[in-house]
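Read off the chains here:
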Amino acid sequence: MGLLILWLLTCAALPLASSDPNDEACLTHLSQTLRDPLKNLRNWTRSTFANPCNGFTSYLPGATCNNGRIYKLSFTNLSLQGSISPFLSNCTNLQSLDLSSNSISGPIPQDLQYLVNLAVLNLSANRLQGEIPPQITFCAYLNVIDLHDNLLTGQIPQQLGLLARLSAFDVSYNKLSGPIPASLGNRSGTLPKFNATSFEGNKDLYGYPLPPMKSKGLSVLAIVGIGLGSGLASLVLSFSGVCIWLRITEEKMAAEEGKVSQLMPDY
């Protein structure tokens, strides 16, 4: 009996399993900004957010747990709409975020910079707009950035080339412009190199490793040549016109002199 009482007292003293409050806030806000028209995330409820993990076991579809914290979030090809919540940064233990192949719009939150453990960022095949936030450089462990097939604009941040662990990078088929940072397009040493397929499909993006841009319209030399040619032609025509005018004038004067000489009396 004594041992039973001692065991009950010990169990009562143990803290109840509960989620990290940061993870709960992260999941709650994410569920509020994302829309799920096909109801693939039925059990995304407050009660689940309050206890999504039990050690390495996850009670939330698409979530992977590690020692009671959200470790990975993967919601691919679920027809999700809406936007990415900046409060996603509350999942401070997150190492992989994959929201690819949905219909998510809006900007990429600058607050992702606080996911200091993030190694994989895959937001490809959505409808994300705005610029690529240079702040994600603070995620120093990033080794995968996949943003292809979106509506992103502006230039590729130079700072992304500072990510020494970056081994996969794809921003193809967006609306990016300007030069490709040399730190990404022409990496040196032992850093993984990215070929043209990482950058293609951006109309106004240029620089190595993309092929040279085709000239639009006439080149400067062609325009100068045409200008010189048309000027020379105008000069020739003008000179010819003057010569013809002088010739006609001379003939008229000669004819007038002939008429006057016939009318003059002899002395």
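This one's a predicted model, so the numbers in the text were calculated from it and none came from an experiment. Every chain begins its residue count from 1, and numbering advances along the sequence as written. The predicted nature of this model means local features are confined to residues of pLDDT at least 70 and side-chain atom pairs, given and counted, to a pLDDT of 80 or more, with totals for whole chains, interfaces and linings taken over all residues. Side-chain metrics rest on all non-hydrogen atoms present in the structure, leaving aside hydrogens and water.

Novice: Is there a simple way to think about the sheet that holds strand 8 (residues 105-106) in this case?
Specialist: Sheet strands pair via backbone hydrogen bonds, and the direction of the pair is either parallel or antiparallel. Here, a strand pair is defined by DSSP locating no fewer than two bridges between the strands. Secondary structure is summarised from DSSP: a helix means a run of H or I of at least four residues, a strand means a run of E of at least two, and numbering begins at the N terminus for each. Taken in spatial order, the five strands make up an open sheet running 8-10-12-14-15, and their pairing is parallel. On the outer flanks of this sheet lie strand 8 and strand 15 (204-206), each paired with one strand and no other.

Novice: Help me out: how do you make sense of the sheet that holds strand 7 (residues 96-98) in this one?
Specialist: In spatial order, the strands read 4-5-7-9-11-13; together these six strands make up an open sheet with mixed pairing. Each edge of the sheet is formed by a strand with only one pairing partner; in this case those strands are strand 4 (63-66) and strand 13 (168-170). When the angles between neighbouring strand axes are averaged without regard to direction, this sheet yields 15°. Judged from the three bridges that link them, strand 5 (residues 69-74) and strand 7 form a sheet pairing that is parallel. Looking across to strand 7, one finds that Lys 72 is bridged to Ser 96. In this analysis, axes come from line fits to C-alpha atoms, helices being fitted only over the stretch in contact, and the angle between any two N-to-C directions falls in the range 0 to 180 degrees.

Novice: Would you mind showing me how to read the side chain of Asn 102 here?
Specialist: Inspection of the secondary structure assignment puts Asn 102 in the loop between strand 7 and strand 8. Polar contact criterion, stated in full: a pair of N or O atoms within 3.5 Å, where within protein one must be able to donate a hydrogen and the other to accept it, and residues adjacent in sequence count only if both atoms are side-chain atoms. Within the local environment of Asn 102, its side chain forms a polar contact with the backbone nitrogen of Ser 79, the two atoms lying 3.0 Å apart. Here, residues are in contact when the closest pair of their heavy atoms is within 4.5 Å. Those residues within four positions of Asn 102 in sequence are excluded, and the remaining contacts are Phe 75, Thr 76, Asn 77, Leu 78, Ser 79, Leu 80, Ala 125 and Asn 126.

Novice: Is there a simple way to explain the environment of Asp 20 in this structure?
Specialist: Counting through the fold element by element, Asp 20 comes out in the loop between helix 1 (2-13) and helix 2 (21-33). Under the scheme applied here, a residue whose accessible area is under 20% of the maximum for its type counts as buried, over 50% as exposed, and between as partly exposed, the area being computed with a 1.4 Å probe on protein chains only. On the basis of relative accessibility, which here comes to 21%, the residue Asp 20 falls in the partly exposed class. Here the alpha-carbon distance between Asp 20 and Gly 68, two residues 48 residues apart in the chain, equals 7.8 Å. There is a polar contact of 2.7 Å between the side chain of Asp 20 and the backbone nitrogen of Asn 22.

Novice: Where do I start with the nonpolar core in this structure?
Specialist: Nonpolar side chains in soluble globular proteins generally cluster together in the buried interior. Residues Leu 73, Phe 169 and Phe 199 are the most contacted members of the largest nonpolar core, which totals 50 residues. When residues of this core are traced back to their parent elements, those giving at least two are helix 2, strand 4 and strand 5. In this structure Phe 199 touches Ile 156, Phe 169, Val 171, Ser 172, Ile 180, Leu 184, Phe 194, Leu 205, Pro 209 and Leu 210, once residues within four positions along its chain are discounted. The definition of a nonpolar core used throughout is a set of buried Ala, Val, Leu, Ile, Met, Phe, Trp, Tyr and Cys residues joined through side-chain atoms within 4.5 Å.

Novice: Explain the pairing of strand 5 to me, please; I cannot follow it from the model alone.
Specialist: Taken residue by residue, a regular strand's side chains alternate between the two faces of the sheet. In this structure, strand 4 lies alongside strand 5, joined through four bridges in antiparallel fashion. Note that in strand 5 the partner of Cys 65 across the bridge is Ile 70. Hairpin geometry of strand 4 and strand 5 is characterised by an intervening segment of two residues between the two adjacent antiparallel strands and by a positive phi of about 55° at Asn 67.

Novice: Just to check I follow, could you spell out the environment of Thr 64 for this structure?
Specialist: Along the polypeptide, Thr 64 turns up in strand 4. By relative accessible area, which is 35% here, Thr 64 ends up partly exposed. Residues Thr 64 and Leu 94, spaced 30 residues apart in sequence, show a C-alpha to C-alpha distance of 9.5 Å. Filtering out sequence-adjacent residues up to four positions away, Thr 64 remains in contact with Arg 69, Ile 70, Tyr 71 and Lys 72.

Novice: Which parts of the structure should I look at to understand the environment of Phe 75?
Specialist: Its location among the elements puts Phe 75 in the loop between strand 5 and strand 6 (81-82). Residue Phe 75 is classed as buried on the basis of its relative accessible area, which comes to 1%. For Phe 75 and Ala 63, which are twelve residues apart along the polypeptide, the C-alpha to C-alpha distance reads 8.5 Å. Leaving out residues up to four positions away in the same chain, Phe 75 has contacts with Leu 30, Leu 41, Trp 44, Pro 61, Gly 62, Leu 80, Asp 98, Leu 99, Ser 100 and Asn 102.

Novice: When you look at the pattern of salt bridges in this model, what are you seeing that I'm missing?
Specialist: Side chains carrying opposite charge are able to pair once their charged atoms draw close together. Any carboxyl oxygen of Asp or Glu within 4 Å of a side-chain nitrogen of Lys or Arg constitutes a salt bridge here. Summed over all chains, the structure comprises two salt bridges. Close ionic contact of Asp 23 with Arg 69 constitutes a salt bridge, the shortest N to O distance being 2.9 Å. Residue Asp 23 is located in helix 2, and its partner Arg 69 is located in strand 5; the two are separated by 46 residues in the primary sequence. Accessibility classification places Asp 23 together with Arg 69 in one group, the buried group. One continuous salt-bridge network, built from bridges that share partners, spans Asp 20, Asp 23 and Arg 69.

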